[in-house]
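This is what each chain is made of:
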Amino acid sequence: MRNIRLTACGLAFFLYTMAVAQDMQDKKITLQEAYQWANTNYPLIDDTEIIDRLEAVNLEIIKRDGLPSLSAKGRAQYQTENFEIPLGSTTLEAPLETWNAALNLNYDVYDGGMKSAQRSLEKASANVERQSLQVQLRTLKDRVNNLVFATTLSRKQDTILQNSLEDIRTNIETLQAGYDNGTVLESEVSKLKVRRLELLKDQLEVRGNTDTYISLLEQLTGKTLSEDVQFVTPEGLIVTAGNDIKRPENELYDSQKSLIAAREASIAASTKPKISLYAESGVGNPNPVNFADFETSTYSLGGVQLNWSLFNFGKSKTEREKLKIQQEQIEVDREVFLFDLENQRKEYLKEMETIASQIENNEQIVALRTEILRQSKVQLDNGIINSSEYITQLNAKINAEQQLELNRIELLQTKINYLTLIGQL
């Protein structure tokens with residue numbers, strides 16, 4: 001019985017440990033996970049399946065177009081007169097009422113590569129749509145980045161405000177003791193209490209902003225996130241002017257050129273000779289294949305057919321010229337895209353240099369403000385300065401710390417945005 005209890009306790013402890021570990025894991029998400037969730041949750045992602053299905057259907061249609069075709073036809077007519085053939089003492093008269101019904105079979109033996117060109121054209125067209133979809137989905141990364149770093153900054157502000165509230169609480173207790181002993185004016189205590197209420201108001205506003213950012217991120221990703229969820233950013237980020245560009249737009253331009261190449265192959269195939277087999281079998285009155293048979297008769301015929309467009313007044317040449325112009329336009333679009341991207345890249349690199357300098361400067365300011373506030377606290381405790389002077393120094397320290405944290409987060413966000421911009425994230 002004791003062994004059973006120990007086993008049950010051990011199992012319960014194991015399950016509790018696993019639950020805690022899973023809970024801690026759920027409270028940490030990486031940017032890549034957030035990107036993936038946003039992609040999966042975004043309604044536009046449904047287009048991926050639609051594109052695949054449409055491509056499969058169109059390819060099946062092309063495949064079936066290459067199979068033998070069987071059709072039925074029929075015709076009946078009445079005419080006021082018909083030809084007559086004199087045969088000695090008699091005359092052979094063709095009937096005024098004629099009709100026939102038949103089945104036609106056609107099969108393309110050689111289509112000049114048209115079906116193959118159509119398949120390539122359909123695949124290239126579907127690939128363009130897929131790459132266009134990836135370009136649209138890429139913007140989700142920017143939205144995720146903005147919400148993640150807005151949440152991070154808001155939490156930093158909350159931490160700074162909480163530390164400042166702790167400092168004020170300690171000073172209120174010290175001055176309250178002085179007021180109780182009759183050595184400090186009540187107004188001095190009241191000033192600190194007012195400032196404490198102001199900081200509490202700011203903290204409520206900051207926490208409200210944090211909740212809003214997390215709520216927006218939940219809508220974007222389709223995931224339920226805990227209030228204290230932590231965002232794990234990539235480590236060891238290497239940011240240089242030589243980072244390779246891996247944007248989906250490049251694949252889109254390449255796929256557009258492949259589509260034009262497929263269209264050109266289709267034009268070439270349309271000018272080649274086509275060979276097909278045909279057969280017809282039916283019944284008619286008179287016999288369609290026997291000039292002298294005016295009775296209801298069955299008949300059959302078959303043969304080989306050649307179709308070849310030898311001259312189309314330069315239409316194919318003009319279509320090729322059009323495709324060449326479209327290829328040139330794609331390259332212009334690519335150059336414009338890369339030109340603008342390079343300018344953005346330079347702006348980010350310059351911004352990172354500026355922020356790094358600001359961080360170095362603000363670290364010195366915070367260190368000095370911290371020392372000044374420490375001295376002010378001693379002076380306040382000894383009655384050398386009043387609460388207003390202390391609050392002034394406290395506000396200056398808060399502002400300096402907030403600016404420093406803002407710069408640090410800005411630097412990290414700028415690095416992430418830079419790598420996202422060039423497609424490295």
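Nothing here was measured: the structure is a model prediction, and the numbers come from that model.

## Some thoughts on the overall build of the chain
- The number of helices and strands found in the chain is 8 helices and 8 strands.
- What you see for the chain is a C-alpha radius of gyration of 41 Å, clearly larger than the 22 Å of a compact globule of 425 residues, by over 25%.
- If you line up the chain on its principal axes, its C-alpha atoms span 155 × 75 × 45 Å.
- A burial count over the chain gives 31% of its 425 residues as buried.
- Sequence-distant contacts in the chain: of pairs separated by 6 or more residues, those separated by 24 or more amount to 81%.
- Accessible area of the chain: about 26200 Å², with a carbon and sulfur share of 54%.
- Of note, the chain has its 47 positive side-chain charges centred 4 Å away from the centre of its 61 negative side-chain charges.

## Details of a nonpolar patch on the surface
- Taken together, the side chains of Y107, V109, Y110, I275, L277, V304, L306, W308, L310, F311 and F313 present a nonpolar region at the surface, about 1200 Å² in accessible area.
- In terms of residue count, strand β5 (residues 97–110) provides more of the nonpolar patch than any other element does, 3 residues in total.
- The exposure class assigned to Y110 is partly exposed, which follows from its relative accessible area of 39%.

## So, the packing of aromatic side chains
- Per the counting criterion, the structure on display carries 2 aromatic pairs.
- Considering the side-chain rings of Y253 and F337, the 6.1 Å spacing of their centres and the 65 degrees angle between planes classify their relative orientation as edge-to-face. Of this pair, Y253 sits in helix α6 (residues 248–270) while F337 sits in helix α7 (residues 315–381), and the two are 84 residues apart along the sequence.
- Judged by relative accessible area, Y253 falls into the buried class, the value being 12%.
- Judged by centre distance (6.5 Å) and plane angle (80 degrees), the ring pair of Y348 and Y418 falls under edge-to-face. Within this pair, whereas Y348 is found in helix α7, its partner Y418 is found in helix α8 (residues 387–421), the two being separated by 70 residues in sequence.

## Observations regarding a negative patch on the surface
- Together, D46, D47, E49 and E129 give the surface a local cluster of negative charge.
- Considering the arrangement of structural elements, one finds D47 in helix α3 (residues 46–65).

## Regarding unusual backbone geometry
- That bond from N285 to P286 is cis: its omega, 0 degrees, falls within 30 degrees of zero.
- Mapping P286 onto the fold places it in the loop between β7 (274–285) and β8 (297–307).

## Remarks on the UniProt feature "coiled-coil region" (unreviewed entry) in the chain
- When the UniProt feature table is mapped onto this chain, "coiled-coil region" (unreviewed entry) is found at residues 114–143.
- Helix makes up 100% of residues 114–143 and strand makes up 0%, while its end C-alpha atoms are separated by 45 Å.

## Overview of the environment of E319
- By secondary structure assignment, the location of E319 is in helix α7.
- According to the relative accessible area criterion, E319 is partly exposed, its value standing at 29%.
- Taking the C-alpha atoms as reference points, E319 and A292, 27 residues apart in sequence, are found 51 Å from one another.

## Brief notes about the pairing of strand β2 (residues 69–78)
- When you tally the buried positions in β2, you get 0 out of 10 residues, a small fraction of the element.
- Direction of pairing for β2 relative to β5: antiparallel, over a ladder of 10 bridges. Note on β5: the bridge partner recorded for S69 is N106.

## Thoughts on helix α2 (residues 31–41)
- Taken together, the buried positions of α2 are L31, A34, Y35 and A38. Buried positions in α2, seen along its axis, are confined to an arc of 100 degrees and lie on one side of it.
- Along its buried surface, α2 packs onto β1 (28–30), α4 (114–180), α5 (186–221), β6 (230–232) and α8.

## Some words on the layout of surface pockets
- Of the pockets and cavities examined, the largest pocket occupies roughly 290 Å³.
- Forming the walls of the largest pocket are 18 residues, and the residues nearest its centre are T98, W99, N100, P286 and P288.
- Those elements giving two or more residues to the lining of the largest pocket turn out to be β2, β5, β7 and β8.
- Residues that form the lining of the largest pocket fall into these classes: 9 nonpolar, 6 polar and 3 charged.
- Its boundaries defined by the atoms lining it, the second largest pocket holds a volume of some 200 Å³.
- If you go around the second largest pocket, you meet 14 residues; those closest to its centre are N39, Q134, R138, K141 and L425.
- Looking at the lining of the second largest pocket, its residues break down into 4 nonpolar, 6 polar and 4 charged.

## Regarding the pattern of salt bridges
- The final tally for this structure, using the stated rule, is 22 salt bridges.
- Here E188 and K191 are joined by a salt bridge, their closest N and O atoms 3.6 Å apart. Pair noted here: E188 and K191 are both in helix α5, with a separation of 3 residues, about one helical turn.
- The exposure class of E188 is buried, given its relative accessible area of 13%.
- Within this structure, K156, E363, E405 and R408 form a network of salt bridges that share partners.

Cut-offs applied
- Residues numbered from 1 in each chain as written.
- Predicted model: local features only at pLDDT ≥ 70, side-chain atom pairs only at ≥ 80, totals over all residues.
- Heavy atoms only, no water.
- Helix = DSSP H or I, 4+ residues; strand = E, 2+ residues; numbered from the N terminus.
- Rg over C-alpha atoms; globule rule 2.2 N^0.38 Å.
- Buried < 20%, exposed > 50% of the residue type's maximum accessible area, 1.4 Å probe, protein only.
- Contact = heavy atoms within 4.5 Å.
- Areas by Shrake-Rupley, 256 points an atom, 1.4 Å probe, with all protein chains shown as cover.
- Lys, Arg positive; Asp, Glu negative; His and termini not counted.
- Charge placed at Lys NZ, Arg CZ, Asp CG, Glu CD.
- Patch = residues over 30% accessible without salt bridge, like charges linked within 9 Å, V, L, I, M, F, W, Y side chains within 5 Å.
- Salt bridge = Lys/Arg side-chain N within 4 Å of Asp/Glu carboxyl O.
- Phe/Tyr/Trp six-rings, centres within 6.5 Å; stacked < 30°, edge-to-face > 60°.
- UniProt positions renumbered as here; feature names shortened; annotations may be inferred.
- Pairing = 2+ DSSP bridges.
- Arc of directions from axis to C-beta.
- 1 Å grid on protein atoms, 1.4 Å probe; cavity = no way out; pocket = protein on both sides within 12 Å on 5 of 7 lines; lining within 4 Å.
- Points joined across faces, edges and corners; volume = space filled by probe spheres on them.
- Nonpolar A, V, L, I, M, F, W, Y, C, P; charged D, E, K, R; others polar.

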